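# Structural characterization, general
Listed below, chain by chain, are the residues.
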Amino acid sequence: MQDRFSSQEVIALTGVTARQLQWWDERGVVKPERVGHRRLYSIQNLTELAVICELRRKGFSLQGVRKVMRFLEREFGKGLAESVGRSSDVHLLTDGKRLYLETSARQIVDILKNSNQPILGICLSDAVRQVRAEVVARKTSTSVTSPTLRRRARRVS
């Protein structure tokens with residue numbers, strides 16, 4: 001898998017706009033690597049962006065997104081992409097005041113039964129798997145192995 005992705009690749013993979021990426025970088029929501037004036041995004045950054053996009057689609061404010069991302073950093077202690085395994089499901093639940101990070105269906109049901117208000121749930125594992133699948137799909141669809149085909153591909157584009 002590729003180590004770093006340009007802003008254009010991130011836009012194609014996630015559907016966010018260039019302005020959103022810039023704004024989130026300026027606000028410290030997602031911290032890409034800098035090489036000169038270019039921003040380069042890791043798979044960890046892509047995973048965070050997928051979760052952020054999901055939170056924004058669900059109506060979270062930027063302040064709420066920051067709170068969730070800080071919570072995930074504290075809970076995992078390392079990157080989201082490395083922490084969320086391929087085989088396990090990790091769910092983020094919130095009632096707007098508290099955040100829960102759960103892996104078992106029974107724990108999720110208990111939270112839902114004992115809550116006095118609606119609960120929003122996001123499967124973090126799905127976001128991670130989706131990013132990985134899109135990166136692999138993009139890599140295989142854009143990889144050209146033969147030098148002759150690479151030259152032809154360059155000339156066409």
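It should be noted that the structure appears before, not after, this text.
Our subject in this report is the structure included herewith. (Residues numbered from 1 in each chain as written. Predicted model: local features only at pLDDT ≥ 70, side-chain atom pairs only at ≥ 80, totals over all residues. Heavy atoms only, no water.)

Let us look at the overall build of the chain. When helices and strands are tallied, the chain shows eight helices and five strands. Across the chain, helices and strands are ordered from the amino to the carboxyl terminus as α-α-β-β-α-α-α-β-β-α-β-α-α. Split into buried and exposed, the 157 residues of the chain put 37% on the buried side. (Helix = DSSP H or I, 4+ residues; strand = E, 2+ residues; numbered from the N terminus. Buried < 20%, exposed > 50% of the residue type's maximum accessible area, 1.4 Å probe, protein only.)

With that settled, consider the nonpolar core. Core analysis: the largest hydrophobic core is formed by 35 residues, its most contacted members being Trp24, Val51, Leu55, Leu72, Leu92 and Leu124. Breaking this core down by element, the ones donating at least two residues are helix H1 (7–14), helix H2 (18–26), helix H3 (43–57), helix H4 (62–76) and helix H7 (124–142). Not counting residues within four places of it along the chain, the set of residues in contact with Leu72 comprises Val51, Gly77, Leu80, Leu92, Leu101 and Leu124. (Core = buried A, V, L, I, M, F, W, Y, C linked by side-chain atoms within 4.5 Å. Contact = heavy atoms within 4.5 Å.)

Moving on, we come to the pattern of salt bridges. Applying the stated criterion across every chain, the model contains 10 salt bridges. A salt bridge links Glu33 to Arg4, with the nearest nitrogen and oxygen atoms 2.7 Å apart. Placement of Glu33 in strand S1 (residues 33–35) and of Arg4 in the segment before H1 is noted, with a sequence separation of 29 residues between them. The closest approach of N and O atoms between Arg19 and Glu26, which form a salt bridge, is 3.9 Å. Its relative accessible area of 44% is what places Arg19 among the partly exposed residues. Here the salt bridges share partners, and the residues they tie into one network are Arg19, Glu26 and Arg27. (Salt bridge = Lys/Arg side-chain N within 4 Å of Asp/Glu carboxyl O.)

This part is about the layout of surface pockets. The computed volume of the largest pocket comes to approximately 260 Å³. Along the walls of the largest pocket sit 16 residues, with Val29, Lys31, Glu48, Met69 and Glu73 positioned nearest its centre. Residue assignment for the lining of the largest pocket shows that the elements contributing at least two residues are H3 and H4. Among the elements that make up the lining of the largest pocket, the one with the highest residue count is H4 (six residues). Counted by class, the lining of the largest pocket contains six nonpolar, four polar and six charged residues. Empty space within the second largest pocket amounts to approximately 190 Å³. The dominant element in the lining of the second largest pocket, judged by the number of residues it contributes, is H7, at five residues. (1 Å grid on protein atoms, 1.4 Å probe; cavity = no way out; pocket = protein on both sides within 12 Å on 5 of 7 lines; lining within 4 Å. Points joined across faces, edges and corners; volume = space filled by probe spheres on them. Nonpolar A, V, L, I, M, F, W, Y, C, P; charged D, E, K, R; others polar.)

Contact geometry of H3 with H4 gives a least axis separation of 10 Å together with a crossing angle of 140°. Comparing the axis directions of H3 and H4 gives the class oblique. For H3 against H4, the interelement crossing comes out right-handed. Contacts between H3 and H4 pair Glu48, Val51, Ile52, Leu55 and Arg56 from the former with Leu62, Val65, Val68, Met69 and Leu72 from the latter. The class makeup of the residues in the contact of H3 with H4 is eight nonpolar, no polar and two charged. (Axes fitted to C-alpha atoms, helices over the stretch in contact; angles between N-to-C directions. Parallel < 35°, antiparallel > 145°, perpendicular 65-115°, else oblique. Left-handed = near helix turned anticlockwise from the far one by under 90°.)

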